[in-house]
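Coordinate analysis (summary)
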Amino acid sequence: MTAVQAYAEHLSRDRRRSLHTVRAYVSTAERLVAHLGTARVPTSAELRSFLAERRSDGIGNASAARELSALRNFLTFVGGEGATPKLKGPRVKKGVPRPISPDEAVALAEDIAEQSAEAWISARDWAVLMLLYGAGLRIGEAVGLTGAILPLGAVLSVTGKRDKTRMVPLIGPVRDAVEAYAKLCPWPIENAEPLFRGARGGPLKPEIIRRAVQGARGRLGLASRTTPHALRHSFATHLLGRGADLRSLQALLGHASLSSTQIYTSVDAAHLLDVYRNAHPHG
């Protein structure tokens, strides 16, 4: 058995990490071993070289920070506590409020899912965050879902503010995340019961997710604007940037008036201005 295979078994059997976490951490370990040519603890220079190579692949600061965290975990397994060379994670430039990038959104969800020692809680947190970013739900709407939504279809019926119901399309990764959680949940999921449960079986409170996001943004070096609601903002802004019209976006978000949705046009314009300034030789 190779070191990477033993590591995968350790994560799954001893640490009880979710399948998603095991896959992500093992992929990082495999990349490092391929870079070094063998499974061993690298020097600081070798580790910097590996991370530089990953940055050249196009990963952002959030993913680079998460990659470093996964590396530390693997190297601790290989060489014991303190085996990882001291290396500071990447800094994230702070600026005016902006939606977080897709790279940051996924890194945030992955980091939070990786923190729990229990696979079902890891799957729960991943599913909730995917509903915020992948379906545009408010945090209260996500934790307020009941077992009546199962089995999942192509769309999800969501009850939002003022008890207004809207239909939200479910993309594959979001549907897979919720179904994976439902399979692992240790409590029966009845139609009238909360879908998402706390550690002791009661309804999951939004504050649990807010605290998890706060911890992850600190570990990843993300700005304070990175909140659960920022994931919903990002969902809206990224859809608008890909050509969604305001009326469709209004329906997806459950806004009572179009004026509430129009804020995203200014947010998207601000993002485009940033891109212009960074890319244009006279920006």
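The paragraphs below set out a description of the structure included in this document. Everything quoted here is computed from the prediction, not taken from an experiment. (Residues numbered from 1 in each chain as written. Predicted model: local features only at pLDDT ≥ 70, side-chain atom pairs only at ≥ 80, totals over all residues. Heavy atoms only, no water.)

1. Comments concerning the pairing of strand β1 (residues 155-159)
Judged by which residues are buried, β1 turns out to be one-sided: Leu156 and Val158 face inward and are buried, whereas Val155, Ser157 and Thr159, on the alternate face, are not. By the bridge criterion, five bridges tie β1 to strand β2 (residues 165-169) in an arrangement that is antiparallel. Paired with threonine 159 across the bridge in β2 is threonine 165. (Buried < 20%, exposed > 50% of the residue type's maximum accessible area, 1.4 Å probe, protein only. Helix = DSSP H or I, 4+ residues; strand = E, 2+ residues; numbered from the N terminus. Pairing = 2+ DSSP bridges.)

2. Considerations on helix α4 (residues 61-79)
If you check α4, its first and last C-alpha atoms are 26 Å apart, about what 19 residues at 1.5 Å a residue would give, namely 27 Å. When α4 is considered as a whole, its buried residues turn out to be Ala62, Ser63, Ala64, Ala65, Arg66, Glu67, Leu68, Ala70, Leu71, Phe74 and Leu75. Just past α4, the residue glycine 80 takes up positive phi, approximately 90 degrees. (Expected span 1.5 Å × (residues − 1).)

3. Quick word on the pattern of salt bridges
For the structure shown, the criterion picks out eleven salt bridges. One salt bridge connects arginine 166 with glutamate 141, and the closest N-O pair in it is separated by 2.8 Å. Placement of the pair is arginine 166 in strand β2 and glutamate 141 in helix α7 (residues 139-143), with a sequence separation of 25 residues. As far as burial versus exposure is concerned, arginine 166 and glutamate 141 are alike and both buried. Through salt bridges with shared partners, a single network forms among Arg31, Arg54, Asp57 and Glu67. (Salt bridge = Lys/Arg side-chain N within 4 Å of Asp/Glu carboxyl O.)

4. With respect to the nonpolar core
With 47 residues, the main nonpolar core has Leu131, Leu137, Leu156 and Phe196 as its most contacted residues. Secondary-structure elements contributing two or more residues to this core are α4, α5 (102-113), α6 (119-135), α7, β1, α8 (172-184) and α9 (206-220). Among the elements that line this core, the one with the most residues is α6, at twelve residues. In this view, leucine 137 contacts Leu131, Leu132, Ala142, Leu145, Leu156, Val158, Arg166, Val168 and Arg232; residues no more than four positions away in its chain are not counted. If you look at the next biggest cluster of nonpolar residues, it comprises 19 residues, including Tyr7, Ala29, Leu51 and Leu71. (Core = buried A, V, L, I, M, F, W, Y, C linked by side-chain atoms within 4.5 Å. Contact = heavy atoms within 4.5 Å.)

5. Remarks on the side chain of arginine 166
Look at arginine 166 and you get buried, because its relative accessible area is 7%. Reaching out from arginine 166, the side chain makes a polar contact with the side chain of glutamate 141 at a distance of 2.8 Å. (Polar contact = N/O pair within 3.5 Å; in protein donor to acceptor, adjacent residues only side chain to side chain.)

6. Some thoughts on the packing of helix α3 (residues 44-56) against α4
α4 packs onto α3 with a crossing angle of 145 degrees between their chain directions and a minimal axis gap of 11 Å. The interaxial crossing formed by α3 with α4 has right-handed handedness. Here α3 contributes Leu47, Phe50, Leu51, Arg54 and Arg55 to the contact with α4, which in turn contributes Asn61, Ala64, Glu67, Leu68 and Leu71. Among the residues forming the contact of α3 with α4, the class breakdown is six nonpolar, one polar and three charged. (Axes fitted to C-alpha atoms, helices over the stretch in contact; angles between N-to-C directions. Left-handed = near helix turned anticlockwise from the far one by under 90°. Nonpolar A, V, L, I, M, F, W, Y, C, P; charged D, E, K, R; others polar.)

7. So, the packing of α5 against α9
Taken N-terminus to C-terminus, the directions of α5 and α9 make an angle of 110 degrees; their axes are 9 Å apart at the nearest point. Classified by the interaxial angle, the pair formed by α5 and α9 is roughly perpendicular. For α5 against α9, the interelement crossing comes out right-handed. Packed against α5, whose contacting residues are Ala107, Leu108, Asp111 and Ile112, the element α9 presents Ala212, Val213, Ala216, Arg217, Arg219 and Leu220 at the interface. (Parallel < 35°, antiparallel > 145°, perpendicular 65-115°, else oblique.)

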